[in-house]
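So you can see what is in the structure, the chains are spelled out below.
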Amino acid sequence: MNINGLIWIEGVLKAAENQQSPIIIGTTDKNIEYLGGYQFILNTIKNKIQAMEITVPVLIHLDHGLSVENCKRAIDVGYDSVMFDGSQLSIEENIKQTKKVVEYGHQKGVLVEGEVGAVGGEEDGLIGQVRYADINECVALVKETQLDTLAPALGSVHGKYQGEPNLGFEEMKIIRNKVDVPLVLHGASGISNYDLQRAIKLGHAKINFNTEINMSWTKKLRDTLEDDKDLFNPQKILKPSIQAIEQTAEKIIKMCGSNNQNEVFIQN
Ligand code: 13P
């Protein structure tokens with residue numbers, strides 16, 4: 001789940017602990033400066049884990065790393081996992097650059113995610129078109145780079161869907177059979193529970209959520225301000241919205257079947 005500030009960290013950690021679910025906290029590269037920089041974000045999440053006495057495993061992840069250099073910076077400060085987003089590059093260049101991140105990351109025990117095709121839609125100001133992942137390119141990226149997780153773009157979009165999401169389940173099945181790493185689904189907000197669970201059965205082990213959490217936070221914030229137009233106490237304004245983040249995160253965890261998986265995760 002992607003975070004957009006301190007209260008997101010609190011909300012998703014609380015949800016994970018309540019549901020006894022391991023959790024991946026994602027910070028998208030485009031937001032790093034706004035969030036305070038790699039080191040600050042990492043320290044803040046780690047301090048919160050300690051202060052809140054969180055017992056479930058938490059993985060700190062760089063989402064959509066914009067360059068090899070940025071991925072290396074996140075690795076150097078201690079991120080557990082990074083995604084190199086080579087979706088705008090030719091497959092040859094994507095392989096070349098992802099491989100650099102994998103070689104660097106693996107030396108330091110950091111997991112690396114790569115992308116083939118392009119997830120469309122709007123994410124934090126970036127607007128892109130959907131480009132379906134080519135199956136042979138997926139196989140090549142995994143084989144040549146030895147990455148840990150693969151995000152094949154199969155029709156999902158970041159942000160709000162215009163019309164019904166149309167995921168390529170046939171391609172998903174083929175990719176599942178041809179690569180031996182877990183798959184990652186970007187743009188999960190707005191996809192039906194049925195389709196998400198189908199994607200999970202077809203090998204998706206990491207499901208990325210951002211928009212759905214932000215929408216529930218925004219709605220609660222708006223309602224709180226509209227209900228009492230004289231309110232200016234920040235805690236009174238923000239607290240209900242943190243609960244909205246927490247509740248949405250818990251709903252997502254349960255829908256993905258990640259609740260009560262703490263023990264399983266540790267054993268593996
Ligand atoms: P949504 O914004 O659709 O939830 O997608 C999040 C995502 O894929 C982050 O990489």
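Small disclaimer: the values here were computed from a predicted structure and weren't measured.

1. Let's talk about a negative patch on the surface
Link 1 in the chain: Together, Glu 226, Asp 227, Asp 228 and Asp 230 line one region of the surface with negative charge.
Link 2 in the chain: Note that Glu 226 resides in helix α9 (residues 211-227).
Link 3 in the chain: The exposed category is assigned to Glu 226, whose relative accessible area is 51%.

2. Some details on the UniProt feature "binding site: Zn(2+) 1" (unreviewed entry) in the protein chain
Link 1 in the chain: Within the UniProt annotation, "binding site: Zn(2+) 1" (unreviewed entry) is assigned to His 64, His 158 and His 186. Taken along the chain, the residues just named run across 123 residues; in space they keep tight, none of their C-alpha pairs more than 11.8 Å apart.
Link 2 in the chain: Tracing the chain through its elements places His 158 in strand β8 (residues 157-158).
Link 3 in the chain: Here His 64 takes part through its side chain, which lies 3.2 Å from a polar atom of the side chain of His 158.
Link 4 in the chain: Those residues within four positions of His 186 in sequence are excluded, and the remaining contacts are Asp 63, His 64, Met 83, Glu 113, Val 119, Ala 151, Ser 156, His 158 and Asn 208.
Link 5 in the chain: Reaching out from His 186, the side chain makes a polar contact with the side chain of His 64 at a distance of 3.1 Å.

3. Let's talk about the packing of aromatic side chains
Link 1 in the chain: All chains considered together, the criterion is met by two aromatic pairs.
Link 2 in the chain: Their ring planes at 50 degrees and their centres at 4.7 Å tell us that Trp 8 and Trp 217 sit as a pair that is tilted. Placement of the pair is Trp 8 in helix α1 (residues 6-19) and Trp 217 in helix α9, with a sequence separation of 209 residues.
Link 3 in the chain: The interplanar angle of 80 degrees and the centroid separation of 6.2 Å between the aromatic rings of Tyr 38 and Tyr 79 together place this pair among those described as edge-to-face. Taken together, the residues Tyr 38 in helix α3 (residues 38-51) and Tyr 79 in the loop between α4 (68-77) and β3 (81-84) connect sequence positions 41 residues apart.
Link 4 in the chain: Tyr 38 gets classed as buried once you look at its relative accessible area, which sits at 11%.

4. Notes on the side chain of Gln 19
Link 1 in the chain: Among the secondary structure elements, Gln 19 is positioned in helix α1.
Link 2 in the chain: Within the local environment of Gln 19, its side chain forms a polar contact with the side chain of Glu 250, the two groups lying 2.7 Å apart.
Link 3 in the chain: Apart from the residues lying within four places of it in its own chain, the contact partners of Gln 19 are Glu 250, Ile 253, Lys 254, Asn 259 and Asn 260.

About the thresholds
- Residues numbered from 1 in each chain as written.
- Predicted model: local features only at pLDDT ≥ 70, side-chain atom pairs only at ≥ 80, totals over all residues.
- Heavy atoms only, no water.
- Patch = residues over 30% accessible without salt bridge, like charges linked within 9 Å, V, L, I, M, F, W, Y side chains within 5 Å.
- Areas by Shrake-Rupley, 256 points an atom, 1.4 Å probe, with all protein chains shown as cover.
- Salt bridge = Lys/Arg side-chain N within 4 Å of Asp/Glu carboxyl O.
- Lys, Arg positive; Asp, Glu negative; His and termini not counted.
- Charge placed at Lys NZ, Arg CZ, Asp CG, Glu CD.
- Helix = DSSP H or I, 4+ residues; strand = E, 2+ residues; numbered from the N terminus.
- Buried < 20%, exposed > 50% of the residue type's maximum accessible area, 1.4 Å probe, protein only.
- UniProt positions renumbered as here; feature names shortened; annotations may be inferred.
- Polar contact = N/O pair within 3.5 Å; in protein donor to acceptor, adjacent residues only side chain to side chain.
- Contact = heavy atoms within 4.5 Å.
- Phe/Tyr/Trp six-rings, centres within 6.5 Å; stacked < 30°, edge-to-face > 60°.

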